[in-house]
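# Structural overview
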Amino acid sequence: MDDILENVADWFPDSKIAKDFSSKQTRGSMMVKNVIGKLNKEDLSTKLRSCHFTLLVDESTDISTTEKMAMVVIYFDVEIGKVQYRFYRLVDLKEAKAESIFAAIKTCLDNKIPIANVIALGTDGANVMIGARNSVLSRFRDAQPNIFHIHCTCHVAALCAADACKTFPKFIEQLCMD
């Protein structure tokens, strides 16, 4: 952040404001969160209201007391003519159960983005995500029957790597995980 802020005057040599601009990390972080972040969030939400998209979700499995869920969207941006992969949200979850996860997703869509715009859901293979009953996918299918599931290729690769690691002595796998 400090490097970016030091270069503002160089990037805008015609601007008196840029020449006089000074900021440190805290103020710069607040600008990113409260100005740039909000504008990006509004822009992305506007685009998602008018197109179909894939939603990728994954909840954390770390040792903290607060569960987190990351959300990424994949959509075709007609303005630039390209498929875009964009970070959408990082959400605190009360618990990593299907009901809470689905409720958090619906809340993040702000009731402004129709759930019918979600044409695919990308997740790991956890039962809470893709189980036949009482899963995030089953709840999506209640609201959007035509949705399909995409198994996350990163999780598939991780499962393959974990299986391959079974041929190594245990201490090597533990060393890598640490």
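Look a little higher up for the structure.
Here the structure is a predicted model, which means the values were calculated and not measured. (Residues numbered from 1 in each chain as written. Predicted model: local features only at pLDDT ≥ 70, side-chain atom pairs only at ≥ 80, totals over all residues. Heavy atoms only, no water.)

### Focus: the packing of helix 5 (residues 98–108) against helix 7 (residues 136–143)
Where helix 5 meets helix 7, the axes come as close as 9 Å, and the angle between the chain directions of the two elements is 50 degrees. Considered as vectors, helix 5 and helix 7 are oriented oblique to each other. Remark: the crossing between helix 5 and helix 7 carries right-handed chirality. Residues Ala-98, Glu-99, Ile-101, Phe-102 and Ile-105 of helix 5 form the contact with helix 7, whose own contacting residues are Val-136, Arg-139 and Phe-140. Looking at the contact of helix 5 with helix 7, its residues break down into six nonpolar, no polar and two charged. (Axes fitted to C-alpha atoms, helices over the stretch in contact; angles between N-to-C directions. Helix = DSSP H or I, 4+ residues; strand = E, 2+ residues; numbered from the N terminus. Parallel < 35°, antiparallel > 145°, perpendicular 65-115°, else oblique. Left-handed = near helix turned anticlockwise from the far one by under 90°. Contact = heavy atoms within 4.5 Å. Nonpolar A, V, L, I, M, F, W, Y, C, P; charged D, E, K, R; others polar.)

### Regarding the environment of Glu-59
Topologically, Glu-59 is positioned in strand 1 (residues 53–59). Relative accessible area serves as the criterion here: at 10%, Glu-59 is assigned to the buried category. Remark: the alpha-carbon pair of Glu-59 and Val-91, spanning 32 residues in sequence, is separated by 9.0 Å. Among residues more than four places away in sequence, those in contact with Glu-59 are Glu-67, Lys-68, Met-69, Leu-93, Ala-96, Asp-124, Val-128 and Met-129. (Buried < 20%, exposed > 50% of the residue type's maximum accessible area, 1.4 Å probe, protein only.)

### As for the nonpolar core
Counting 29 residues, the largest nonpolar core has Leu-55, Ile-105 and Phe-140 as its most contacted members. Only helix 4 (25–49), strand 1, strand 2 (67–77), strand 3 (82–93), helix 5, strand 4 (118–123) and helix 7 provide two or more residues apiece to this core. No other element matches helix 5, which puts six residues into this core. Setting aside chain neighbours within four positions, we find Ile-105 in contact with Leu-55, Val-57, Met-69, Met-71, Val-136 and Phe-140. (Core = buried A, V, L, I, M, F, W, Y, C linked by side-chain atoms within 4.5 Å.)

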